[in-house]
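Coordinate analysis (summary)
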Amino acid sequence: MPEKKTIDARGAFCPGPLMELIAMLKLVQIGDDIEVLSTDKGTAMDVPEWVAKVGHEMVGVEDKGDHWSVVVRKAK
Amino acid sequence: MIIALSSPAMKDHAMSTRPLFILVCSHEHEKIQMAAMMAAVAAVSETPVRVFVSMGAIYAFQKDLSDDERYQGGRFSDVLKDKKAPDAMALFEQGKTLGDMTIHACSMALDVLGWQEGDLVADLFDGALGLTKYLSDAEQGQLVTL
């Protein structure tokens, strides 16, 4: 059963949110989702770029007003 | 040797796996920080990273320093400290843990300072290396100097 985990990286600066996401991806199972909450504007663009490059799956990016929610699914 | 690439996708893949060589010479905090950010992000993006630390930059990699002792110089340094930007040494460590990254100290820089590898941040370096060997290796990839 796929699970969803959340990383609250609000307040962290680049590349902190991305590095936290990657560390978490090492720990979860294929098919699991990870949501990154970030106040860093670059995260909403950098994470999809990284995901496309390394072959995971973007679930979505959402502007929550005072932060972004970026959800990634582990694909490999 | 010339390798035929049959599709744009294969060309993109081949380009993306060329190593990134980062030559760090400046002692300035903002350049050490930029080197660490580039190294960490490239390494976790499946690009091999080869870092070479020389000249004044070696001071920032001395073991047992406080943050104020380690990170000095450059107009952006105070901002990085005030905003608690990710620690550069921690970023190098994360890049090594999560990706393919090596860090070598310039053998000349160690020699002129009378330092040994044990004087550097523990568990970060893969040894000392000469510039000639590093530049020879760098012909295989892209070289960035900071």
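Just so we're clear, the structure is a prediction, and the values are computed from it rather than from any experiment.

For the rest of this paragraph, the subject is the pairing of strand β4 (residues 68-73) of chain A. All names here are of chain A. Going residue by residue along β4, you find Trp-68, Val-70 and Val-72 tucked away on one face and Ser-69, Val-71 and Arg-73 left uncovered on the opposite face. Of the pairings in the sheet, the one linking strand β2 (residues 33-38) to β4 comprises six bridges and is antiparallel in character. Each residue of the ladder has a partner; that of Asp-33, found in β4, is Arg-73. Bridge analysis of strand β3 (residues 57-63) against β4 gives six bridges, and the strand direction is antiparallel. Looking at the pairing, Val-61 lines up with Val-70 of β4. Hairpin remark: β3 followed by β4, antiparallel, with four residues in the connecting loop; positive phi at Gly-65, about 95 degrees.

For residues with low pLDDT, the predicted coordinates do not support detailed interpretation. Residue and element names in this part refer to chain B. The predicted model of chain B averages 90 in pLDDT, with 89% of residues at 70 or higher. A low-confidence stretch, residues 1-15 (pLDDT under 50), is modelled with three contacts involving residues beyond four sequence positions or located in other chains. This prediction of the complex comes with two scores: 0.85 for pTM and 0.81 for ipTM.

All right, on to the sheet that holds strand β4 (residues 128-129) of chain B then. All names here are of chain B. Spatially, five strands are ordered β4-β3-β2-β1-β5 in an open sheet, and the strand pairing comes out parallel. In the strand order of this sheet, the two ends are held by β4 and β5 (142-145), each with one partner. The pairing of strand β1 (residues 20-24) with β5 spans four bridges and is classified as parallel. Directly across from Leu-20, in β5, lies its bridge partner Gln-142.

Each partner contributes to the interface: chain A provides 10 residues, whereas chain B provides 12 residues. At the level of secondary structure, the elements contributing two or more residues to the side of chain A that touches chain B comprise α1 (16-25) and α2 (43-54) of chain A. Top element by residues in the side of chain A that touches chain B is α1(A). It accounts for five residues. Here the side of chain A that touches chain B is composed, by residue class, of eight nonpolar, one polar and one charged.

We now examine the sheet that holds strand β1 (residues 4-8) of chain A. All names here are of chain A. An order of β1-β2-β4-β3 is seen for the four strands of this open sheet, with the pairing classed as mixed. Of all the strands in the sheet, the pair left with one neighbour each is β1 and β3. Each strand axis lies, on average, 15 degrees off the axis of its neighbour in the sheet, ignoring direction. Contacts from α1 reach β1, β2 and β4 within the one sheet, and its direction differs from that of β2 by about 160 degrees. Taken strand by strand, α2 contacts β2, β3 and β4, and its axis lies near 10 degrees from that of β4.

The subject of this paragraph is the environment of B:Ala138. Residue and element names in this part refer to chain B. Its place among the elements puts Ala-138 in helix α7 (residues 131-138). Taking the number of C-beta atoms within 10 Å as the measure of exposure, Ala-138 has 19 and is therefore partly exposed. Through-space distance from the C-alpha of Ala-138 to that of Ser-66 is 33 Å; in sequence the pair is 72 residues apart. Not counting residues up to four positions away in its chain, the partners in contact with Ala-138 are Phe-21 and Leu-143.

Here we take up the nonpolar core. By size, the foremost hydrophobic cluster in this structure holds 49 residues, and its most contacted members are B:Ile22, B:Val24, B:Ala36, B:Ala39, B:Ala40, B:Val51 and B:Val53. At 11 residues, helix α2 (residues 29-44) of chain B tops the list of elements feeding residues into this core.

Our focus in this paragraph is α2(A). Owing to its 3.6 residues per turn, the α-helix aligns residues three or four sequence positions apart on the same side. Residue and element names in this part refer to chain A. An ideal rise of 1.5 Å per residue puts 16 Å on 12 residues; α2 measures up with 16 Å between its terminal C-alpha atoms. Within α2, the full set of buried residues consists of Thr-43, Val-47 and Trp-50. On an axial view of α2, the arc spanned by its buried residues comes to 65 degrees, and they lie on one face. In α2, those exposed residues whose orientation departs by more than 90 degrees from the buried face are Met-45 and Ala-52.

Definitions and limits used
Residues numbered from 1 in each chain as written. Chains lettered and ligands numbered in written order. Predicted model: local features only at pLDDT ≥ 70, side-chain atom pairs only at ≥ 80, totals over all residues. Buried ≥ 20, exposed ≤ 12 C-beta atoms within 10 Å, placed from the backbone. Helix = DSSP H or I, 4+ residues; strand = E, 2+ residues; numbered from the N terminus. Pairing = 2+ DSSP bridges. pLDDT = per-residue confidence, 0-100. Contact = placed C-beta atoms within 7 Å. Nonpolar A, V, L, I, M, F, W, Y, C, P; charged D, E, K, R; others polar. Axes fitted to C-alpha atoms, helices over the stretch in contact; angles between N-to-C directions. Core = buried A, V, L, I, M, F, W, Y, C linked by C-beta atoms within 7 Å. Expected span 1.5 Å × (residues − 1). Arc of directions from axis to C-beta.

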